[in-house]
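The chain contents come next:
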Amino acid sequence: MIRATAVLAAAVAATAVPAVPALPEARRLPPAPGPAAAARPEGVARPEGVARPEGVVWWECGDGLRCGKLSVPVDWARPRGPRTTVDVARMAAPDPARSLGTLVVNTGAGSTVQGVRERPDTVSELARWFDVVFMEPRGIGDRGSAAMVRCSVPQPDPRRLQVAPGQASWRSYARDNAAYDRSCRIASGPAYEGLTSWQVAHDLDALRAALGEPRLRYFGNSYGAVYGQAYLELFPRRVERMYLEGVPDHTQAGLGRRLIAHARAAERQLAAFRDWCASRIDCPLDDDAVSVLDDLLDGRAPDGRALGGRLPDRRVSDGRVPDERRIVAAVLAGLAPQRWPELAHALSAAEEGDTRALAALAAESEPVAPAMVTRSSWCHDFMPAVPGYRRFLAMEARLRELAPRVGWLTGRYEIGRCLGLTAGPSWLPGRARPAAAGGDRGPAARTERGSGGGPSVMVGIGRLDIDSPPSGAARVAARVPGAVVLWHGDGHGAYLLQGARKLRATCLRTRVHDFLVNGTPPPRTSCPAELTADPGSSG
């Protein structure tokens, strides 16, 4: 599932582990090259004032950053209409004379700038070669910024739909989600109509121009990769180099197919968890993890004895015995690799009749107000129309056939993002798009090779990414002419999480840096699991 959970927030809560040594095939990059090695289009000099780009006024704002504002139209199709502002921040290269120019970064859901303030190690290594500029999407901003839209009504947790079936629960959830979206409309004002990635892609291009860069260098993680997809579609000839990771699939028009992709990804993740647990001497499960789950759902102990009803008769603190849906919801919540040890212990306890840890995994998150506009923006990009209750039940029955253990329940989480929201601006997935405002679309519009002659786009795909299904990310990469795919054995946001743990010489990070700095495609198109070797510290 593509949750609206910032990868950097997970990094804040993580515990650092010792750095792993560089793998033999992952060669170390040389020191940051001097001006002569700067990769720029032939005949284009480095713009004067990269440190002080025209169009953005910078000021010191703490934590080693300089902050700025970018003024953009609410709707790029009407550039003379109302305007809004976008927050940006800059982490300067230590030696401006050796900087290759600007690399624009967006790390995904939530505030990129606030996340970098909390864990600069996630991206600070990029400043060895670049002036790193962090760009917020519309409606999201730095702490205390007027650009941050504050929705007065909290967004409901989609797990409500997972654990509470029935049309009454469906309608109640829809009312609460609609109230959240209305509060976002009120707080945003006219700027609400600009909350799509189509608009953000134009903002990226405006930032590129304001920074004086002839082409865009971009790093997009998670939802930041959606902005990258939009930019590639609208301005493909203006891409110098782009690395996308944790890529949500915005090429698939069919909602049913996208739900199937998420369901199947969850089933594969369950199998990966089983294999991990079987290989660990410290895994508390004595039996196959999938068999344990099956026995719990069937109401049997591993030795075949009945456990009384469908589940062990051990009540949790609120007096409820978790039913099938709550157990499946708990397992889904525990399938992110960093939670595998927690899931293993919860399943082990449930075998013995203690379901408290399992119930805790399935617990709904506490409502947070003010809320951010991220959910509304996601719906504008991915699901402007939600199927009705009866139609969804038919879709869910199909998901049960294809992903019968846990994947079938992911559909409710995805639908729950947008259930109840009214029509708004949209950038529909996988369909004909509105032309770019001043873009370079057309039959010949395609990504060109970077100035070094290599590919201009690389897509990182984690085999254990449960947020953005690997099959969808591979589909996106296949639609980008000349894109290079780098598979790795970790989960969502692996590059950022490796940085948070000061893992500097991993296969993944070395290849990403080599591509962004030198335009060099990876000598091998696969990296091993470098976080999930110890899932207690992975992403």
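Residues numbered from 1 in each chain as written. Predicted model: local features only at pLDDT ≥ 70, side-chain atom pairs only at ≥ 80, totals over all residues. Heavy atoms only, no water.

Here we look at the side chain of D157
Defined as follows: Runs of H or I in DSSP of at least four residues are treated as helices and runs of E of at least two as strands, each being numbered from the N terminus. Relative accessibility under 20% of the residue-type maximum defines a buried residue, over 50% an exposed one, and the middle range a partly exposed one, all with a 1.4 Å probe and only protein chains included. Counting of polar contacts relies on pairs of N or O atoms within 3.5 Å, with two restrictions inside protein: one atom must be capable of donating a hydrogen and the other of accepting it, and residues adjacent in sequence are counted only when both atoms are side-chain atoms.
Topologically, D157 is positioned in the loop between β5 (131-135) and α3 (159-163). For D157, a relative accessible area of 6% corresponds to the buried category. Polar contacts involving the side chain of D157 include one to the main-chain amide nitrogen of R159, which spans 2.9 Å. A polar side-chain atom of D157 sits 2.8 Å from the main-chain amide nitrogen of S365.

Some thoughts on the state of the cysteines
To be explicit about the condition: Here, a disulfide means two cysteine sulfur atoms that sit within 2.5 Å of each other.
The final tally for this structure, using the stated rule, is five disulfides. Two residues share a disulfide in this structure: C61 and C67, whose sulfurs sit 2.1 Å from each other. Measuring handedness by torsion sign, the sulfur bridge of C61 and C67 sits at about 75° and is right-handed. Each member of the pair, C61 as well as C67, carries the same accessibility label: buried. The cystine pairing of the chain, numbering bonded cysteines in sequence order, is 1-2, 3-4, 5-6, 7-8, 9-10.

Re the pattern of salt bridges
Keep this limit in mind: Put simply, a salt bridge is a Lys or Arg side-chain nitrogen that is within 4 Å of an Asp or Glu carboxyl oxygen.
Counted by the stated rule, this structure contains 32 salt bridges. For K502, the salt bridge is made with D121, and the minimal N-O distance between the two is 2.6 Å. Here K502 is found in the loop between α16 (494-500) and α17 (507-518), whereas its partner D121 is found in the loop between α2 (112-118) and β5, with 381 residues between them in sequence. Judged by relative accessible area, K502 falls into the partly exposed class, the value being 44%. Accessibility expressed as a relative area gives 16% for D121, which makes it buried. A salt bridge links E125 to R504, with the shortest nitrogen-to-oxygen separation between them at 4.0 Å. Of the two residues, E125 sits in the loop between α2 and β5 while R504 sits in the loop between α16 and α17, which places them 379 residues apart along the sequence.

Some remarks on the environment of R90
Mapped onto the elements, R90 comes out in strand β3 (residues 83-91). Linking R90 and L103, residues 13 residues apart in sequence, is a C-alpha distance of 9.8 Å.

Here's the deal with the sheet that holds strand β7 (residues 239-245)
Worth spelling out the cut-off: Two strands form a pair only when DSSP identifies at least two bridges running between them. Whether two residues are in contact is decided by their heavy atoms, any of which lying within 4.5 Å being enough. Axis geometry follows a simple rule: fit a line to the C-alpha atoms, using only the stretch in contact for helices, then measure angles between N-to-C directions, giving values from 0 to 180 degrees.
Spatial ordering of the open sheet is given by β1-β2-β3-β5-β4-β6-β7-β8-β9-β10, a layout of ten strands whose pairing is mixed. Strand pairing shows two members of the sheet lacking a second neighbour, β1 (59-60) and β10 (526-527), which therefore form its edges. The strands touched by helix α15 (residues 470-478) within the sheet are β8 (457-462) and β9 (484-488), with β8 carrying the most contacts at an inclination of about 170°. Set on the sheet, α17 makes contact with β4 (102-106), β6 (216-221), β7, β8, β9 and β10; between it and β7 the angle comes to about 165°.

Some remarks on the confidence of the model for the chain
The condition is simple: In predicted models, pLDDT denotes the confidence assigned by the predictor to each residue on a 0 to 100 scale.
Of all residues in the chain, 80% have pLDDT values of 70 or greater, and the mean over the chain is 84. Counted against residues more than four places away or in other chains, residues 1-54, with its pLDDT under 50, gives 137 contacts.

Structural notes on the pairing of β9
Selection criterion: The handedness rule is simple: strands pointing away from the viewer, and a clockwise path from the first strand over the helix to the second, make the crossover right-handed.
Here β9 shows a buried face lined by V484, L486 and H488 and an unburied face lined by V485 and W487. Judged from the five bridges that link them, β8 and β9 form a sheet pairing that is parallel. Residue pairing for β9: M458 is matched across the bridge by V484. Regarding the hand of the β-α-β motif, the stretch spanning β8, α15 and β9 is right-handed. Note: β9 against β10, two bridges, orientation parallel. Considered in β10, the bridge of H488 is made with C527.

Some points on the nonpolar core
What counts is decided by this rule: Among the buried residues, those of types Ala, Val, Leu, Ile, Met, Phe, Trp, Tyr and Cys that are joined through side-chain atoms within 4.5 Å form a nonpolar core.
In terms of nonpolar packing, the biggest core is built from 97 residues, with L207, M242, F273, L335, L347 and V406 touching the most fellow members. When residues no more than four places from it in sequence are discounted, the contact partners of L347 are F273, L285, V292, L296, V331 and L358. Grouped together as the second largest cluster of nonpolar side chains are 35 residues, L100, V105, V132 and C507 included.

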